[in-house]
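Spelled out from the first residue to the last, the chains are:
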Amino acid sequence: MKFEIRQMTLAQSQTAPQDALVVLWPDGAEHQGPMGDWVRKARQNGDFKDAAGTMLQSYGMPGVRARHLLVVACGQGQPRDLRKAMRAAWGALQPAKVKSLAICWAGGALSPQAIEAVLTTLADASYAYVSTLSKPQPRTLAQVVLSLTHVTQADKTAVHKAQALVRGTELAREWANRPANHATPNHLALAAKALGKHPGVSCKVLGPREVERLGMGSFLAVARGAAEPLRFIVLEYKSAKAKGAPVVLVGKGITFDTGGISMKPAAEMDEMKFDMSGAASVLGVFESLAALQPALHVMGLIPATENMPDGMAVKPGDVVTSMSGQTIEILNTDAEGRLVLCDALTYAERFKPKAVIDIATLTGACVIALGAVRSGLFSADDALAQALLDAGEQSGDLCWRMPLDDDYAEGLKSKFADMANVAGRAAGSVTAAKFLQKFAGKMPWAHLDIAGTAWRSGAQKGATGRPVALLLEYLLAQAPSATASGKRKSA
Ligand code: BES
Ligand code: MN
Ligand code: ZN
């Protein structure tokens, strides 16, 4: 899907050659001409209300070149309102299978965040998973032209950024959605290798022997039950203009989580194909970085394996030695995410990172705590936590800071090892984070628990691509040069 931006008035947009025209109408806006009269009349009759998402629809309206015309109310043009308006507009247009779409903003200036919100929401709503369907119905929408009465450089930058973000988010959704037999650790490694072909990106993949040589006893313990061989993926994006230490992203890559010997119940177990959503988000971020080429240095680490029950599988009570040298009593083999992440965190130390952020569908407890609205954010570093919270607000990909008091680590004590891998049921997402913190050492570290936000269940089942938007926003804010977000900060 390709985005463009053009300078056009509302009158000019009526001659746009696209299949459909969506006019985003801010509350109270008045315009001369037939379209303005149309809206005024509908308003007087109470048929067009100032509430984001209300719509007027017409087909083949005289004076409008597009076959489909939609006028959508969108509040004051805040990103939140625009997301609602675009979602409603796409809901109405979807059956028409349009190939091209013109969007006209009928108000004054639009902020870069608002532009991004319009385009990313449209992409999000029109995405369709197809890769394992025998008769795929691919998305027809290929071209989107946004028109504003005055187009600035910042507007163009916002469109460019939205385009890159959509590419990254869709790559993340694609990999997270793929069934576990189509998204094995090796498949993920091949996807990462493909990213390594982009300028500035390189990729190295380690297999079981190399991981053993590194002493990743905790990661290896999880992989013991799996017939599919594990992969440890190391991605690097480095711009020639980048200075200083890298940011390291670590994505949980459990391609299927049965729970292992501590097996999960059957109901909804299929959703554990999404347990590599953290890994998918790392792949997505690298896709976006490759498209934008910002002045940054970013590493991506993905410990990838299945968590399976088997004669060789790790058993409750087994004690393993992590790469850090700390020993772990594995009381519950279903708490496997932390076991693969802890060795990846130790591996991250060699890069002397300015920040390490792990992204994981880590705990059901986080779904209970925060639901599908905000991801859980854990960090003892106030500056890093604030930067991630800000990135969430800017991008609309929200997170919420959770506590890390040392008292929460009490339950992780073990008689047979330096620590256990689980504590009690209470505050499960926090005790999981406390476990990870023991492996972050002195590095500035943050953990995003995306168990509630990475995918939707039920009729809408599917990956969301979160938190690619949050991570990209955070990273671009770290880039010294004039990226979209850098400019926005200083404006
Ligand atoms: N991948 C799951 C977490 C999960 C569960 C995410 C449900 C989304 C929905 C993770 O590996 C897990 O099984 N966690 C356990 C930890 C427990 C054994 C301490 C959990 O949350 O039940
Ligand atoms: Mn598990
Ligand atoms: Zn898991």
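Before any of the text, the structure's been laid out above.
Every value quoted in this text rests on a predicted model; they were computed, and no experiment measured them. (Residues numbered from 1 in each chain as written. Chains lettered and ligands numbered in written order. Predicted model: local features only at pLDDT ≥ 70, side-chain atom pairs only at ≥ 80, totals over all residues. Heavy atoms only, no water.)

**Some words on the layout of surface pockets**
Vacant regions in the atomic arrangement are exposed by a probe of water-molecule size rolled over the atoms.
Link 1 in the chain: When its volume is computed, the largest pocket comes out at roughly 1300 Å³.
Link 2 in the chain: Lining the largest pocket are 47 residues, with Arg83, Arg87, Asp124, Arg456 and Arg466 sitting closest to its centre.
Link 3 in the chain: Broken down by secondary-structure element, the contributors of at least two residues to the lining of the largest pocket are helix 3 (79-93), helix 4 (112-126), helix 5 (153-177), helix 12 (382-395), strand 19 (455-456), strand 20 (462-463) and helix 14 (468-478).
Link 4 in the chain: A total of eight residues in the lining of the largest pocket trace back to one element, the largest contributor, which is helix 4.
Link 5 in the chain: When grouped by side-chain class, the residues that make up the lining of the largest pocket number 18 nonpolar, 14 polar and 15 charged.
Link 6 in the chain: If you add up the space inside the second largest pocket, you get close to 890 Å³.
Link 7 in the chain: Along the wall of the second largest pocket there are 34 residues; nearest its centre are Lys264, Asp334, Thr363, Gly364 and Ala365.
Link 8 in the chain: Of all the secondary-structure elements, those providing two or more residues to the lining of the second largest pocket are helix 11 (364-370), helix 13 (428-437) and strand 19.
Link 9 in the chain: The greatest single-element share of the lining of the second largest pocket, amounting to four residues, is contributed by helix 11.
Link 10 in the chain: Taken together, the residues that form the lining of the second largest pocket break down as 14 nonpolar, nine polar and eleven charged. (1 Å grid on protein atoms, 1.4 Å probe; cavity = no way out; pocket = protein on both sides within 12 Å on 5 of 7 lines; lining within 4 Å. Points joined across faces, edges and corners; volume = space filled by probe spheres on them. Helix = DSSP H or I, 4+ residues; strand = E, 2+ residues; numbered from the N terminus. Nonpolar A, V, L, I, M, F, W, Y, C, P; charged D, E, K, R; others polar.)

**Focus on the side chain of Thr184**
Link 1 in the chain: As for its placement among the helices and strands, Thr184 is situated in the loop between helix 5 and helix 6 (185-195).
Link 2 in the chain: Here Thr184 is in contact with Glu228 and Thr255, once residues within four sequence places are set aside. (Contact = heavy atoms within 4.5 Å.)

**Description of the sheet that holds strand 12 (residues 318-321)**
Link 1 in the chain: Spatially, three strands are ordered 12-13-17 in an open sheet, and the strand pairing comes out mixed. The outermost strands of the open sheet, each flanked by one partner alone, are strand 12 and strand 17 (419-420).
Link 2 in the chain: As judged from the four bridges shared by strand 12 and strand 13 (residues 327-330), these two strands associate in the antiparallel manner. If you follow Thr321 over to strand 13, its bridge partner there is Thr327. (Pairing = 2+ DSSP bridges.)

**Focus: the coordination of the manganese ion (ligand 2)**
Link 1 in the chain: For the manganese ion (ligand 2), every protein donor is listed as Asp257 (OD), Asp334 (O), Asp334 (OD) and Glu336 (OE), and the spread of their distances is 2.0 to 2.2 Å.
Link 2 in the chain: With six donor atoms in place around the manganese ion (ligand 2) and angles of 70 to 167° between them, the coordination shape is irregular.
Link 3 in the chain: Here the donor residues of the manganese ion (ligand 2) are spaced in sequence according to D-x76-D-x1-E.
Link 4 in the chain: Here the zinc ion (ligand 3) and the manganese ion (ligand 2) are spaced 3.2 Å from one another, each receiving a donor from Asp257.
Link 5 in the chain: Assessed through its relative accessible area of 21%, Asp334 is described here as partly exposed.
Link 6 in the chain: Taking the relative accessible area as the measure of exposure, Glu336 reaches 1% and is therefore buried. (Donors = N, O, S within 2.8 Å, 3.2 Å for Na, K, Ca; no water. Tetrahedral: all angles 85-135°; square planar, octahedral: opposite > 155°, others 65-115°. Buried < 20%, exposed > 50% of the residue type's maximum accessible area, 1.4 Å probe, protein only.)

That's the geometry; what it means functionally is another story.
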